[in-house]
Amino acid sequence: QMATKFFLLAFLALWASRALASDPSQLQDFCVADRTSQVFVNGFACKDPKTVVVEDFLFSGLHMAGNMSNKQGSAVSAVNVAHIPGLNTLGISLARVDYAPYGQNPPHIHPRASEILTVLEGSLYVGFVTSNPENKLFSKVLNKGDVFVFPQGLIHFQFNTGDKEAIAIAALSSKNPGVITIANAVFGSVPSISDDILAKAFQVDKKAVDHVQAQF
């Protein structure tokens, strides 16, 4: 009987954690983010609905390409709750991604969102890797009009396979999905992760780690 109660409690805890593993649902028509509020909540406090204006639900400029003149040859133009206050509590956001010829959106994760990506121009080689222990790569070359899904929290990437610029639109299942670029986090943390730790983790000489860290 005790074992039955234990498993029942474990099941309820797992069910509750799954139910809470996404942005909380809104309890009114909208909850426009009040970025001036001193109240700390999981997200943003709501503006007084009487002060809400149509511009709280608007963002302009996504027709413009981002600056791709960087080492990765890509630019991510995010549109989340930081850009549209009206996204607060709605659990959605999007981004435009521009890729220079042979540019990439390097391996990264979104800790709070799944992603669905649509190619608007060009061709992209995309993929994601499953969790331990399999670490299986699911990858595909996408062309204009193709759509691909990246599950929440998994490492994924996009690479422009062509000699022309490519464009994609990504929709994400959170108003604030977050992004962790793997190389930046591992080799560019402040303060730095010990090169002894990274050398052992990547099974390379410490000089190799020091060289990579210096790039960040």
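Residues numbered from 1 in each chain as written. Predicted model: local features only at pLDDT ≥ 70, side-chain atom pairs only at ≥ 80, totals over all residues. Heavy atoms only, no water.

1. Topic: the packing of helix H3 (residues 195–202) against helix H4 (residues 206–214)
Put simply, the test is: With axes taken as lines fitted to C-alpha atoms, and helix axes fitted only over the stretch in contact, angles between N-to-C directions fall between 0 and 180 degrees. Working definition: helices are DSSP H or I runs of at least four residues, strands are E runs of at least two. Numbering for both runs from the N terminus. Our angle categories are set so that under 35 degrees counts as roughly parallel, over 145 as roughly antiparallel, 65 to 115 as roughly perpendicular, and the remainder as oblique. Note on convention: the crossing is left-handed when the near helix lies turned anticlockwise from the far helix by less than a right angle, right-handed when the turn is clockwise. Any two residues whose heavy atoms approach within 4.5 Å at even a single point are treated as in contact.
The contact between H3 and H4 brings their axes to 9 Å, and the two run at 110°. Taken as axis vectors, H3 and H4 run roughly perpendicular relative to one another. As H3 packs across H4, the resulting crossing turns out to be right-handed. Two secondary-structure elements touch here, H3 through Asp 195, Asp 196, Leu 198 and Ala 199 and H4 through Lys 206, Val 209, Asp 210 and Gln 213.

2. Comments concerning the environment of Tyr 102
Summarising the element assignment, Tyr 102 is placed in the loop between strand S2 (93–99) and strand S3 (104–109). Sequence-wise, Tyr 102 and Phe 159 are 57 residues apart; in three dimensions their C-alpha atoms are separated by 6.6 Å. Residue contacts for Tyr 102: discarding those within four places in its chain leaves Phe 159, Asn 160, Thr 161, Gly 162 and Asp 163.

3. Points about the sheet that holds S2
Spelled out, the test is: Strand pairing requires that DSSP identify at least two bridges connecting the strands.
With antiparallel pairing, the 5 strands of this open sheet are ordered in space as S1-S2-S9-S4-S7. The outermost strands of the open sheet, each flanked by one partner alone, are strand S1 (74–79) and strand S7 (147–150). Looking at each pair of strands side by side, their axes are set apart by 20° on average, direction ignored. Pairing between S2 and strand S9 (residues 166–172): 7 bridges, direction antiparallel. By the bridge assignment, Tyr 99 is partnered in S9 with Ala 166.

4. Here we look at the UniProt feature "binding site: oxalate" (unreviewed entry) in the protein chain
Basically, it comes down to this: UniProt positions are given in the numbering used here, feature names are shortened, and annotations may be inferred rather than shown by experiment. We call two N or O atoms a polar contact when they sit within 3.5 Å, provided that within protein one can donate a hydrogen and the other can accept it, with sequence-adjacent residues counted only if both atoms are side-chain atoms. Burial here depends on accessible area, computed with a 1.4 Å probe over protein chains only, as a share of the maximum for the residue type. Under 20% is buried, over 50% is exposed, and the range in between is partly exposed.
UniProt's feature table lists "binding site: oxalate" (unreviewed entry) at Asn 105, His 110 and Glu 115, given in the numbering used throughout. Note that His 110 resides in the loop between S3 and strand S4 (115–121). The contacts of His 110, once residues within four sequence positions are left out, are Glu 115, Gln 152, Gly 153, His 156, Leu 172, Pro 177, Gly 178 and Val 179. Side chain to side chain, His 110 and His 108 meet in a polar contact 3.5 Å long. If you trace the backbone, Glu 115 turns up in strand S4. You can call Glu 115 buried: its relative accessible area is 5%. Each residue touching Glu 115, except ones within four places of it in the same chain, is listed here: His 108, His 110, Phe 148, Val 149, Phe 150, His 156, Gln 158, Ala 170, Ala 171 and Leu 172.

5. Side note on the sheet that holds strand S10 (residues 180–181)
Strand order in this open sheet of 5 strands is S6-S5-S8-S3-S10, and the pairing throughout is antiparallel. Looking along the sheet, the strands with just one partner apiece sit at the ends: strand S6 (137–142) and S10. Bridge analysis of S3 against strand S8 (residues 156–160) gives 3 bridges, and the strand direction is antiparallel. The partner of Gln 104 across the bridge, within S8, is Phe 159.

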